[in-house]
Amino acid sequence: TFPFIEKVLLVSRSIQQQDVAEDNPKFVAVAADIGSEEGRNTILQQVEQYASSSSSESKKRLRFLVHSAGTIDPIKSILDVTQDELTKAFLVNVQGPILLSTALHPYLSDSTTAGRILHVSSGSAHGPPPVGWSVYGISKAAFYQAFKTMDK
């Protein structure tokens, strides 16, 4: 019911339009994996489409970006993690959100008010994670530190 919000893009690897409120045209489902360049480009194209659909002189802009994507896999000791498993976790939990934020940054700022990025963290980023969650904890800690540097 926020009148200043025209569209809300709900992004998930497997979301479909029927997963969102059917009676609210503000909600748009976007199936994309932020851990891949193709997925991030899909999101960027959607934002560009809505930003340029304005009939006025000024472009619409992105007000909020909420990062809550993550993968907990692999659930195993850090001593048993393979390079591919580590790479996949970092693509989704660290690299994807950073690259998406930098790609969308031009849509988050204008001359009057800056947009906001909300980083949904995890307790595993701030202390030893539960047994088996080693890669998750390490990647969420890296994600947390990355966004602390973006805040500067």
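Higher on the page you've got the structure.
Keep in mind that what you see is a predicted model, and the values were worked out from it rather than measured. (Residues numbered from 1 in each chain as written. Predicted model: local features only at pLDDT ≥ 70, side-chain atom pairs only at ≥ 80, totals over all residues. Heavy atoms only, no water.)

A few words now on the overall build of the protein chain. A tally of regular secondary structure across the protein chain gives three helices and four strands. Ordering the α and β elements of the protein chain from the N terminus gives β-β-α-β-α-β-α. Counting the 152 residues in the protein chain, one finds 31% classified as buried. Across the protein chain, the fraction of contacts at a sequence separation of at least 24, relative to all contacts at a separation of at least 6, is 58%. Within the structure as shown, the protein chain displays about 9,600 Å² of accessible surface, and the carbon and sulfur contribution to it stands at 54%. (Helix = DSSP H or I, 4+ residues; strand = E, 2+ residues; numbered from the N terminus. Buried < 20%, exposed > 50% of the residue type's maximum accessible area, 1.4 Å probe, protein only. Contact = heavy atoms within 4.5 Å. Areas by Shrake-Rupley, 256 points an atom, 1.4 Å probe, with all protein chains shown as cover.)

All right, on to helix α1 (residues 37-51) then. Its 15 residues give α1 an end-to-end C-alpha distance of 21 Å, which sits within 8% of 21 Å, the value for a rise of 1.5 Å per residue. Listed in full, the buried residues belonging to α1 are Gly-39, Arg-40, Ile-43, Leu-44, Val-47 and Ala-51. Angular distribution of buried residues about the axis of α1 spans 135 degrees; they occupy a single face of the element. Summarising the geometry of α1, the exposed residues directed more than 90 degrees from the buried face are Glu-38 and Gln-45. On the buried face of α1, the contacting elements are β1 (8-12) and α2 (83-108). (Expected span 1.5 Å × (residues − 1). Arc of directions from axis to C-beta.)

Close contact between α1 and α2 brings their axes to 10 Å; oriented N to C, the two are set at 20 degrees. By the criterion of interaxial angle, the relationship of α1 to α2 is roughly parallel. The crossing of α1 and α2 is right-handed. Packed against α1, whose contacting residues are Arg-40, Ile-43, Leu-44, Val-47, Glu-48 and Ala-51, the element α2 presents Gly-96, Leu-99, Leu-100, Ala-103, Leu-104 and Tyr-107 at the interface. A per-class count over the contact of α1 with α2 returns nine nonpolar, one polar and two charged. (Axes fitted to C-alpha atoms, helices over the stretch in contact; angles between N-to-C directions. Parallel < 35°, antiparallel > 145°, perpendicular 65-115°, else oblique. Left-handed = near helix turned anticlockwise from the far one by under 90°. Nonpolar A, V, L, I, M, F, W, Y, C, P; charged D, E, K, R; others polar.)

By volume, the largest pocket is sized at about 950 Å³. In this structure, the largest pocket is lined by 31 residues; those nearest its centre are Val-8, Leu-9, Leu-62, Phe-64 and Leu-65. Within the residue set of the lining of the largest pocket, elements represented by two or more residues are β1, α1, β3 (64-67) and α2. The dominant element in the lining of the largest pocket, judged by the number of residues it contributes, is β1, at five residues. In the lining of the largest pocket, the residues fall into 19 nonpolar, five polar and seven charged. Estimated volume of the second largest pocket: approximately 380 Å³. What lines the second largest pocket is a set of 15 residues, among which Arg-116, Ile-117, Phe-147, Met-150 and Asp-151 lie closest to the centre. Grouping the amino acids of the lining of the second largest pocket by side-chain chemistry returns six nonpolar, six polar and three charged. (1 Å grid on protein atoms, 1.4 Å probe; cavity = no way out; pocket = protein on both sides within 12 Å on 5 of 7 lines; lining within 4 Å. Points joined across faces, edges and corners; volume = space filled by probe spheres on them.)

A few words now on the nonpolar core. Counting 14 residues, the largest nonpolar core has Ile-43, Leu-62, Leu-100, Leu-104 and Tyr-107 as its most contacted members. Excluding its chain neighbours within four sequence positions, the residues that come into contact with Ile-43 are Val-11, Ala-32, Ile-34, Leu-100 and Leu-104. (Core = buried A, V, L, I, M, F, W, Y, C linked by side-chain atoms within 4.5 Å.)

With that settled, the discussion passes to the pattern of salt bridges. Under the counting rule described, the total for this entry stands at one salt bridge. Across the pair Lys-76 and Glu-85 runs a salt bridge whose closest N-O atoms are separated by 2.9 Å. According to the relative accessible area criterion, Glu-85 is partly exposed, its value standing at 24%. (Salt bridge = Lys/Arg side-chain N within 4 Å of Asp/Glu carboxyl O.)

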